[in-house]
Amino acid sequence: MVCPCDLQGAGVLVTRPAEQAHKLCRLIATCGGRPVVFPALEIRPPADPAPARELLTDAEGWDLLIFISSNAVSFAQRLLGASPLPRRPRLAAVGQATAEALADAWRAPDLVPTERFDSEALLAMPELQSLAGRRVLIVRGRGGRALLGEALAARGAEVSYAEVYQRVRPEAD
């Protein structure tokens, strides 16, 4: 790991979810800092997983499944268990980490932005410009940004959301 700076023993507050903080903590320690883990949120399964599971198990009915994050991949995989994703729908990932998680879980995505890794970069891809009559399932956490779905609907897609996880405030004293 390349160290971008010398932290000289400084304590660094790490607010990422506990299960996602390890890599950053290692980098801080490598750079001479003391990571102090204090998660600002937790990632948990949805209170009622049935609606998301139903949407995902009907994957043959979708033209495109868009995974917003590696959390979306991980929690979708938990909902589906050993069931594979059908070959029919194309897969899209918002970023490289999500693309790697998809490849590990099921198969490499068909669409991944190359410059930036956000909804705007995905929306700029030529394959997503004209979607009349296409069915798109966005796999995300509860209450995610509306931009992607709204833009795809404006381009003619029928958009639904499989909310496979939720962000909650952790208990802390």
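Throughout what follows, the structure given in this document is the object of discussion. Being a predicted model, the structure only gives us computed values, none of them experimental. (Residues numbered from 1 in each chain as written. Predicted model: local features only at pLDDT ≥ 70, side-chain atom pairs only at ≥ 80, totals over all residues. Heavy atoms only, no water.)

Details of the sheet that holds strand 6 (residues 135-141)
For clarity, the threshold we go by: In this analysis, strands are considered paired if DSSP registers two or more bridges between them. In this description a helix means any DSSP run of H or I spanning at least four residues, a strand means any run of E spanning at least two, and both kinds are numbered starting from the N terminus. Helix axes are fitted only over the stretch in contact, all axes being lines through C-alpha atoms; the angle between N-to-C directions runs from 0 to 180 degrees. Residues count as neighbours in contact if any of their non-hydrogen atoms are within 4.5 Å of one another.
Pairing in this open sheet of five strands is mixed, and the strands run 3-7-6-4-5 from one edge to the other. Looking at which strands have only one partner, the edges of the open sheet turn out to be strand 3 (42-44) and strand 5 (90-93). Neighbour to neighbour, the strand axes of the sheet diverge by 25° on average, direction disregarded. The sheet contact formed by strand 4 (residues 64-67) and strand 6 spans four bridges and is parallel. The partner of Leu64 across the bridge, within strand 6, is Val136. Its contacts with the sheet put helix 4 (residues 96-105) on strand 4 and strand 5, and the angle it makes with strand 5 is roughly 140°.

Description of the pattern of salt bridges
Heads up, the rule is: Salt bridge, as applied in this entry: a Lys or Arg side-chain nitrogen positioned within 4 Å of an Asp or Glu carboxyl oxygen. Categorising residues by exposure relies on relative accessible area from a 1.4 Å probe, with only protein chains included: less than 20% of the type maximum marks a residue as buried, more than 50% marks it as exposed, and the intermediate range marks it as partly exposed.
Summed over all chains, the structure comprises six salt bridges. The salt bridge partner of Glu42 is Arg44, with a shortest N-O separation of 2.8 Å. The exposure class assigned to Glu42 is partly exposed, which follows from its relative accessible area of 26%. Here Arg44 falls in the partly exposed class, since its relative accessible area comes to 35%. Here Arg88 and Asp63 are joined by a salt bridge, their closest N and O atoms 2.9 Å apart. On the criterion of sequence distance, the pair formed by Arg88 in the loop between helix 3 (70-80) and strand 5 and Asp63 in the loop between helix 2 (50-57) and strand 4 is long-range, its members being 25 residues apart. Take Arg88: its relative accessible area is 42%, and that puts it in the partly exposed class.

Considering the layout of surface pockets
For clarity, the cut-off: The way it works is a 1 Å grid over only the protein atoms, where trapped points that fit a 1.4 Å probe form a cavity and open points with protein on both sides within 12 Å along at least five of seven lines form a pocket, and then any residue with an atom within 4 Å of a point lines it. Grid points are joined across faces, edges and corners, and a volume is the space filled by probe spheres set on the points.
Size it by volume and the largest pocket reaches roughly 240 Å³. Taken together, Arg16, Pro17, Gln20, Leu41, Ile43, Ser69, Ser70, Asn71, Ala97, Thr98, Tyr165 and Arg167 make up the lining of the largest pocket. Only helix 3, helix 4 and strand 7 (158-168) provide two or more residues apiece to the lining of the largest pocket.

A closer look at the packing of helix 3 against helix 4
The cut-off we apply is this: Throughout, the term roughly parallel applies to angles under 35 degrees, roughly antiparallel to angles over 145, roughly perpendicular to angles from 65 to 115, and oblique to all others. Under the convention adopted here, Pro, Cys and the residues Ala, Val, Leu, Ile, Met, Phe, Trp and Tyr are nonpolar, Asp, Glu, Lys and Arg are charged, and Gly plus all remaining residues are polar.
One can describe the packing of helix 3 onto helix 4 by two numbers: an axis separation of 8 Å at closest approach and a directional angle of 20°. With respect to helix 4, the axis of helix 3 lies roughly parallel. In this structure, helix 3 uses Ser70, Val73 and Gln77 to contact helix 4, whose residues at the interface are Ala97, Thr98, Ala101, Leu102 and Ala105. Of the residues contributing to the contact of helix 3 with helix 4, the split by class is five nonpolar, three polar and no charged.

So, a nonpolar patch on the surface
Condition: Patch construction takes residues with relative accessible area above 30% that form no salt bridge. Like charges are linked within 9 Å, and nonpolar side chains (Val, Leu, Ile, Met, Phe, Trp, Tyr) are linked within 5 Å. Method for areas: the Shrake-Rupley scheme with a 1.4 Å probe, in which residue coverage is limited to the protein chains shown.
A contiguous nonpolar patch, built from Leu13, Val36 and Phe38 and spanning about 280 Å² of accessible area, is present on the exposed surface. By secondary structure assignment, the location of Val36 is in strand 2 (residues 34-37).

Quick notes on helix 4
Note the threshold: Note that the arc is computed from the directions linking the helix axis to the C-beta atoms.
All of the buried residues in helix 4 are Thr98, Ala99, Ala101, Leu102 and Ala105. In a view along the axis of helix 4, the buried residues occupy a sector of 160°, so they form one face of it. Across helix 4 from its buried face, at more than 90 degrees, point the exposed residues Ala97 and Asp104.

Side note on unusual backbone geometry
If you check the backbone angles, Gln8 has positive phi at about 50° while not being a glycine. By the secondary structure assignment, Gln8 is in the segment before strand 1 (11-14). The exposed category is assigned to Gln8, whose relative accessible area is 68%.

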